[in-house]
Structures are given as C-alpha cells and as structure tokens.
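Summary of structural features
Take a look at the letters that make up each chain.
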Amino acid sequence: MSDDFLNLLNPEQRKAVTLPEESALILAGAGSGKTRVLTSRINFLLTEGICHPSEILAVTFTNKAAREMLDRVGRQLPIKVSRMWVGTFHGLCNRMLRAQYKAAGLPQSFTILDQSDQLSMIKRVMKAHDFSTEINKPSEVQSYINGCKEEGLRATDVHEKRPRFIDKLSIYERYEDTLAKEGACDFAELLLRSYELLKNHPDIRKHYQDQFRFILIDEFQDTNKLQYKWIKLISGIEDGRAINTVFAVGDDDQSIYSFRGANLDNMRQFLHDFKVADPIRLEQNYRSTGNILKAANELIARNPSRLGKNLWTNSGEGEKIRVFEAENDLEEARFVVEAITQYRSEGIKYKDMAVLYRSNAQSRVLESALNNNGIPYLVYGGFRFYDRQEIKNALAYLRLAENTSDDAAFLRVINVPTRGIGQTTVEKIIDEAEVKGCSCFEVARSFQGRAAKAIASFVSLIEEIRAKKDQMPLGDLVSYAVAKSGLISMYETDPNGQDRIENFRELTSAAESFVVIEHVDEETEETELKPLALFLANATLESGESQSKLGEDAVQLMTVHSAKGLEFEIVFITGLEEGLFPHNNSIFSPESIEEERRLMYVAITRAKKRLYMTMAHRRLLNGREDFHIPSSYLSEIPAELLKYLSPQSRRSTEVDSSNEGDDFGESIWNRGRRMENWTRQIFERPKPTTFGMRSRVKSNSPYAPGTKILHEKFGEGVIYNLTGEGESQLIDVMFSKYGKKQMLLSIAKNKIKIV
DNA sequence: TCTGCGTCTTTTTTT
DNA sequence: AAGACGCAGA
C-alpha cells in the first residue's frame, strides 16, 4: 500500500490528515492546501482501513466542490465513491428527505423552490390574505422568514414583540401552510425539515448516526446556526451516544455569507461543544507571492476578534500591487483591457486572468470593453441557465406534471403560452381552491365557466405529460413537454426566441445525461425512484453553476463571492470605491464593515503573481452617475506594497522611484500616452480640484455634484446629486464614513464646509 | 381577456 | 438601466 500522498504534505497538513478518531478544527488559510487536506483525509481514512466509504459524510459549500472531491478521491482510490455521502447541505438534506419523505411529512415528489419562486409565493400569500405590500415589502418578508428558518425557528416558535415584525410573522405562518399544502420546500426548509426529521424520529436519527462515523465539513465558517445544529444532531454529540467525529475545515477570515445566515460564532462554539483543545493552523500559503500576502495580512489584521492566523510563503516578495485610479468607469474598464491585452501578448493565457467586482451590475462596462477589443471572456453567475424564463416555464410544466399540488407551477404556466385564460378566471380558480382547501389543478379539473374549454385542454395537456413521465426517458420527456405545451411555437414567433429554443435543446440534453445516482441504502431508504422529481430537484439545487466551458481560454469575470476558492495568475479587483466596496448597505454596521473587509481579503488572496486594484471616480450606477472616493480598504494596505499607476495619483503622491524602469505597469502607462487623441484626453486630463467636476448636471451652485465637503458631524464626503429648487433644494452626499445621506441644503449649509 | 404603454421602483453578495 | 406593476383601451 502506498502512503505517497502523505509525503506531499507539510507537517501541519500531515498532522491534520492523520489525526486519530477525534473531532478537529482545521483553520485553513487562503491557499494553504485546504482541498488537498480534505481529500487526503478521506484517502487516509479509507486506505488505512479506518472506515468504509459508506461511513463518510462530507459537506461542501458548492456542488462543484462536491464533484471535485469525489473526483479526486475516486481517482486516487479504487473505491466505490458513490457509497460516500458528499454534497452541499441542501443536496444532502434533499437526499435524506427523498428517502425519508413519509416520516418527514412530505410528498415523495415535493418541489424545491428557489429564491425567486419563494418570493412569488410570498407575494401570492400576502395577496391572498390582504397584507399590504407597501407596509411589508415581500423581499423583506422573505429575509425575515429565511432568517427565522436559518435559526431553526418555525413560526410557532417565534414570539415576536417588535411591532414592525408582527405582520411578517403572521405572513410567515400562512406561508408555511401554503408550502405544506403545495408540497414544496424552499432552500431553508430543506434544512429545517431534515433537522426536524432527525430530531423527532429517534430511530431515523440513530440510523444516520450509526452510519456516519466520520463527518467532514468544508467552509465551516459559512455554516448557519441551523446547519450547525444539524451537524451536532447527526454527530450524536447531543444524545451523549457514541460520538461521530467531525473534521471541520474553515477560515474565519473568509466568512462572507452572513447575509444568508452564516454564523461566524459557530467556529468558537465548535471548539467548545466538541471539546477541541486547539485548532490546527495551516498557515503556509502556496499560492501568492509575498507582497500580495502581506497586503492581505495587514488588511485583515484590522478585524478584531479573529481566531488569529498569519499566512506566510517562501516564494519571495514578487511584484507590488498596482493601483489605478480612473476618472470614470469607462476608463477603468479600458485600463483593465489594456493590461489584459499586454499580458496576452506576453504569452499569458486569458483564462489565467480574472476580473473581480463587488456586484454583478459592474460587469456590464467591463464586458463591453472586452467585447469591443475582441477578447474572449466568461461571466460567472449573473444569468443562470435555470433562471431563464423559458427554462422556468418548461420546468413548471414538468413540476406540475410531477406534483399537481404545485400551485406556483400551475399559476406560472396556466396561460403561458396564452390560451385565453385571463386573470379573472385565474382568480376564480385561486379562490375556489382556497375555499375547498385543494390545489388549483384540482379545481381546474372540474372547472365550469367561460374558459372551461381552454382549461380542460390545459388539464389534459398536463395529464398527458403525467402519463408519460415515468415511461419515457427524461430527455424525451422534456422535449415532449416543450413541444406539446406550445412553448416552442410561442418562442418561434418571438424575435429573439431562437436563443430560447436553443436553450430548450440544452435542457433536453441536460435531462438526457442526467444520471440518477442509485444509493440504495438497505432498511430505511426507499428504492422506488422518481427520476423526474430528482431531475427537477437537481435543477433547482444546481442552479447553473455554469458547466464552465472547460478548457476554453477566456478571461474570467465574476463577483468576489463567486471567486472564493479559486485562484488566478493575474487578478484585477475593480470598483475599489467607498460605497461600492465596502458597499453602502454595509457601511452602517461595524460587523458588516468587517465582513466587507473579509471579502476584500478573499479578493486579494485570489492572486498568485500579480494583483491590480482599480477604482473610478465617477461611475454610472442604477441609471445615474455617482461620484466616488477611493475605498478605505485601499488605505489600509501599507503604502510600500502599492504602486500607483494613474496620473491622478502621480500628481498627488510623490513618485516612487521604483516606478521607473521597464516594469510592466509602466509600459501600459507609456503606451497610454502614445495613444490616439481622445485617449490622451482621458489620460492626461489635469486632476480637477473638485474631482469629477465635468458634471452633466447643469448648475452653477457652489454645491454642484462632485464638490468635496466637510460636515461637522459626518466628516468628509462628496456631493453626488443636487435636486429641487429654492428652499427645498436637496443634496445627496456620499460620506466616507457614514455612506449616503440626503439633506436639505438650506439646513445643511450651515453645517458643511467646502473643501 | 389581452396588449401596450407609462410609471414606478429598485439597485449586494447566493446554496 | 431594467424590470415590475398598474391602468386604459381594443
């Protein structure tokens, strides 16, 4: 037997991998070989004969990570990896619930609602029960509900005293009823159901506890309270039974999902609950050069209450971080494109370069700049395949066929394509369903009235798909449904419908290649398989982690969030502006500012060789031009690690002598000077005293947009908008410390000073 | 009942 | 800028 894989590890890694049967917390810094440790651990457990594949439960953050893990282990060992349970929390809970649907109180073919399905359902529930969407915004209700669920709280568990949440709570209550009635689960519900299943059924709990002797959790810092409770339950630690060991791997500095309930405190709690004396720290970084790492360390050091960790490398200092302050977003994009072109000509592949941004909206300008220069690029996230309306429509037909209680699906396609069933009729159906306490489809089956004929043909359409669904191969079923439903002919007349029809083809082939993984577990698990239900669940859970056109040489564009876990030779972090990164919505709470800082930390540590940080003083955002000052995070990085490339900063900062020479950043700048006239205008425009003064807003007021001010209470800021007349004139100010504020000029006048 | 138009609002991150 | 929503006219 070969222990080769152990020889590839450094001492800390090896210590983690070869740990005896006990729980552990591995603090794995960015680029410290976390994935290798996880897979090696599994490898170790199996090759040493410590356990069988079926005794391993591994939770990853994304489906992609799960696939990679299975892949790597499978390649190293001649073992049936399908016996292991590897997946995301949601994926694993789904698997468990499908197997135990009866005990969980769900129909076998329960539907999974994604975020937007959930939102529609909330709207529907609010409408049905006469809740004003003015007072309670559906999206706020949504986050309230998810917030509760992520803490493991049912509506009946919440004793709400805060007045403004009382209504949200009762909407939650009714929403729960609707979910149950329609046989649907939202994302959080999958976890909660699964948790309750284990909690309320000692026999089932024991079954899984007996099975999973080794539990491995990746990205532990991003688990929420409910997920942690789930882990505790399944590990057996709460029952005081023979305890399964939990091997938790995470990095508190990379916790960036608190907006969806991630609870950083789980790490501390874990040490206590699982009696882990000391976390194992993996601090040697194999990814980035010294300067990049130093910048990351210095930045993150500003966050109080970390578990503590300092990355080091022996790969040398490397280049400095290049900073570019652009006049506007167009120029920023141009700069990035220039650099990419240059690197490409030096032989660096497009796919080794990534452009990162805080929010998806920022990709537009970058995309068009890349496009104009004929540079291939790949945008991650953004429009997901399964989010497209035509795909959602097609899936809705299939959902309804699989689960006729699925009113959400019913309402989505009852009149798509239009078949003469209008709002009045639909509302009649909804009301009747409400009265009878049955599904809309049930009502439709015996619908009498004006549109009876149209409805009857819709019903028989669904029945036909239903009749075929367990006979036909999945791929055939999908193409049958899109044709028979009339969706194809509907899009044929649509001017840009060709793409949509093409997407149907893609959906069909996804269905064709969908393999129902057979994990028939003796005793408890059901053996009867429902391919369509599994396919639909998979579609929502794997909502298009782009089947990344692998091997394609293209520049990678993505948000910082989706860059987590990835690495690139060259990284551009764009939009380093106060209000954007850190984002305005985070600016008011210290915790969020810290989270944003961690986000920046993640961004920086993606880079292997070269890192660029760029910002734009003016930016078109939400349909209007905003003025921005450089991100405070930029100033949190020691100046000696930075090298400014932009003319603006050259003027304001003394030129660093290291900026001379044939260094690469220099060459871009020099080439910039030789460019055509219009380009030169941008590059060589003198720095305006109040930056961004070439405002389109016609105004000769001293408070015109772009004016820098000092407020007696809020400190420094920039006016970015001026509206109204006379006494009611308003200014919008972006403060560096307090974010956006709108104030009445007549009053603010006395409190501000123009700088 | 359907369609088109105008108005309104919304803008963080995603399993 | 783009999408959701509501209203009016066909």
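Located above this text is the structure these notes cover.
I will try to describe carefully the structure that is included in this document. (Residues numbered from 1 in each chain as written. Chains lettered and ligands numbered in written order. Predicted model: local features only at pLDDT ≥ 70, side-chain atom pairs only at ≥ 80, totals over all residues. Heavy atoms only, no water.)

**Description of the overall build of chain A**
A count of helical and extended segments in chain A gives 32 helices and 21 strands. The contacts in chain A between residues at least 6 apart in sequence include a share of 73% that link residues at least 24 apart. (Helix = DSSP H or I, 4+ residues; strand = E, 2+ residues; numbered from the N terminus. Contact = heavy atoms within 4.5 Å.)

**Examining the packing of aromatic side chains**
Per the stated rule, a full pass over the model turns up 21 aromatic pairs. When the centroid spacing of 5.4 Å and the interplanar angle of 70 degrees are considered together, the rings of phenylalanine 514 and phenylalanine 535 count as edge-to-face. Of the two residues, phenylalanine 514 sits in the loop between helix H24 (497-512) and helix H25 (531-541) while phenylalanine 535 sits in helix H25, which places them 21 residues apart along the sequence. Looking at phenylalanine 535, the relative accessible area reads 2%, which means it is buried. Directly above the aromatic system of tyrosine 257 lies the positively charged group of arginine 260, at a separation of 4.6 Å from the ring centroid. Over the ring of phenylalanine 61 we find lysine 564; its NZ or CZ atom is 5.0 Å from the centre of that ring. (Phe/Tyr/Trp six-rings, centres within 6.5 Å; stacked < 30°, edge-to-face > 60°. Buried < 20%, exposed > 50% of the residue type's maximum accessible area, 1.4 Å probe, protein only. Lys NZ or Arg CZ within 6 Å of the ring centre and 35° of its normal.)

**Looking at the pattern of salt bridges**
Under the definition given, this model contains 54 salt bridges. A salt bridge links glutamate 319 to arginine 322; the nearest nitrogen and oxygen atoms lie 3.3 Å apart. Note on arginine 322: relative accessible area 1%, which makes it buried. Across the pair glutamate 567 and lysine 608 runs a salt bridge, and its minimum N-O distance is 3.5 Å. Linking glutamate 567 in the loop between helix H26 (560-563) and strand E13 (568-573) with lysine 608 in strand E14 (residues 607-621), this pair joins segments that are 41 residues apart in sequence. Since its relative accessible area comes to 37%, glutamate 567 is described here as partly exposed. (Salt bridge = Lys/Arg side-chain N within 4 Å of Asp/Glu carboxyl O.)

**Topic: the nonpolar core**
Grouped together as the largest cluster of nonpolar side chains are 49 residues, with contacts concentrated most on Leu395, Leu398, Phe410 and Leu507. Counting residues per element, this core draws most heavily on helix H17 (residues 389-402), at eight residues. Those residues in contact with leucine 398 that lie beyond four places of it in its chain are Ile465, Leu477, Val478, Ala481, Leu532 and Leu536. Among the nonpolar cores identified, the runner-up in size contains 45 residues, and Leu226, Leu233, Val276 and Ala537 belong to it. (Core = buried A, V, L, I, M, F, W, Y, C linked by side-chain atoms within 4.5 Å.)

**A short note on the pairing of strand E12 (residues 555-559)**
With respect to burial, E12 is a largely interior element, five of its five residues being buried. Bridge analysis of strand E10 (residues 353-357) against E12 gives four bridges, and the strand direction is parallel. Paired with leucine 356 across the two strands is methionine 558, which belongs to E12. Note: strand E11 (residues 377-379) against E12, three bridges, orientation parallel. Considered in E12, the bridge of leucine 378 is made with glutamine 556. (Pairing = 2+ DSSP bridges.)

**Here's the deal with the protein's contact with DNA strand B**
Around DNA strand B there are 26 residues in total, and Arg358, Thr424, Thr425, Asn585 and Asn622 lie nearest to it. For DNA strand B, the backbone makes up 56% of the atoms found within 4 Å of the protein, where backbone means sugar plus phosphate. Taking glutamine 115, its side chain carries an N or O atom lying 3.3 Å from a base nitrogen of DNA strand B. Note that a sugar or linking oxygen of DNA strand B is positioned 3.1 Å from one of the side-chain N or O atoms of arginine 260. In terms of residue class, the surface near DNA strand B is made up of five nonpolar, 17 polar and four charged. (Near = heavy atom within 4 Å. Polar contact = N/O pair within 3.5 Å; in protein donor to acceptor, adjacent residues only side chain to side chain. Nonpolar A, V, L, I, M, F, W, Y, C, P; charged D, E, K, R; others polar.)

**Some thoughts on the pairing of E10**
Among the five residues that make up E10, five are buried, leaving the element largely enclosed by the rest of the structure. By the alternation rule, side chains of E10 split into Met353, Val355 and Tyr357 and Ala354 and Leu356, which are all buried. The pairing of E10 with E13 spans four bridges and is parallel. Residue pairing across strands places leucine 356 opposite isoleucine 573, the latter belonging to E13.

**Here's the deal with the sheet that holds strand E6 (residues 214-217)**
Taken in spatial order, the six strands make up an open sheet running E3-E2-E6-E7-E1-E8, and their pairing is parallel. Strand pairing shows two members of the sheet lacking a second neighbour, strand E3 (85-88) and strand E8 (280-282), which therefore form its edges. With strand direction ignored, the average angle separating the axes of adjacent strands in the sheet is 15 degrees. Helix H12 (residues 225-235) rests against strand E2 (56-60), E6 and strand E7 (245-250) of the sheet, and its axis sits at about 165 degrees to E6. (Axes fitted to C-alpha atoms, helices over the stretch in contact; angles between N-to-C directions.)

**Points about helix H10 (residues 187-200)**
The first and last C-alpha atoms of H10 sit 20 Å apart over 14 residues, in line with the 20 Å expected at 1.5 Å per residue. Within H10, 10 of the 14 residues are buried, which leaves the element mostly enclosed by the surrounding structure. When we look at burial in H10, the residues that qualify are Ala188, Glu189, Leu190, Leu191, Leu192, Arg193, Ser194, Tyr195, Leu197 and Leu198. Its side-chain oxygen 3.1 Å from the backbone nitrogen of alanine 188, aspartate 186 forms the N-cap of H10. (Expected span 1.5 Å × (residues − 1).)

**Some remarks on the state of the cysteines**
Counting across every chain of the model gives zero disulfides. Here cysteine 185 stays free of any disulfide, with the sulfur of cysteine 93 as its closest cysteine sulfur at 10 Å. A relative accessible area of 0% means that cysteine 185 is categorised as buried. (Disulfide = S-S within 2.5 Å.)

**As for the packing of H17 against H24**
Axis separation between H17 and H24 bottoms out at 9 Å; the angle between their running directions is 50 degrees. As judged from the angle between their axes, H17 and H24 are oblique. At the point where H17 passes H24, the crossing takes the right-handed sense. In this structure, H17 uses Gln389, Glu390, Ile391, Ala394 and Leu395 to contact H24, whose residues at the interface are Arg500, Asn503, Phe504 and Leu507. Here the contact of H17 with H24 is built from residues that sort into five nonpolar, two polar and two charged. (Parallel < 35°, antiparallel > 145°, perpendicular 65-115°, else oblique. Left-handed = near helix turned anticlockwise from the far one by under 90°.)

**Observations regarding the side chain of lysine 564**
Tracing the sequence through the fold places lysine 564 in the loop between H26 and E13. Setting aside residues up to four positions removed in sequence, lysine 564 forms contacts with Glu219, Gln221, Asp222, Gln254, Ile256, Tyr257, Val602 and Arg606.

**A look at the environment of leucine 119**
Within the secondary structure, leucine 119 sits in helix H7 (residues 115-128). Between the C-alpha atoms of leucine 119 and proline 138, which are 19 residues apart in sequence, the distance is 6.8 Å. If sequence neighbours within four positions are ignored, leucine 119 has contacts with Pro138, Ser139 and Gln142.

**What about the packing of helix H8 (residues 138-150) against helix H9 (residues 163-182)?**
Two elements in contact, H8 and H9, have axes separated by 10 Å at closest approach and are oriented at 75 degrees. Relative to H9, the element H8 is oriented roughly perpendicular. Of H9, the residues touching H8 (which contributes Glu140, Val141, Tyr144, Ile145, Cys148 and Lys149) are Phe165, Lys168, Leu169, Ile171, Tyr172, Tyr175 and Leu179. Of the residues that constitute the contact of H8 with H9, the class distribution is 10 nonpolar, no polar and three charged.

**Quick word on H7**
Taking 1.5 Å as the rise per residue, H7 with 14 residues should run 20 Å; its terminal C-alpha atoms sit 20 Å apart, in good agreement. Where H7 is concerned, the buried positions are Asp117, Gln118, Met121, Ile122, Val125 and Met126. Those residues of H7 that are buried are in contact with strand E4 (111-113), H8, H9, strand E5 (184-186) and H17. N-capping of H7 is provided by aspartate 114, with a side-chain oxygen placed 3.0 Å from the backbone N of serine 116. Phi for aspartate 130, located one or two positions after H7, is positive at around 55 degrees.

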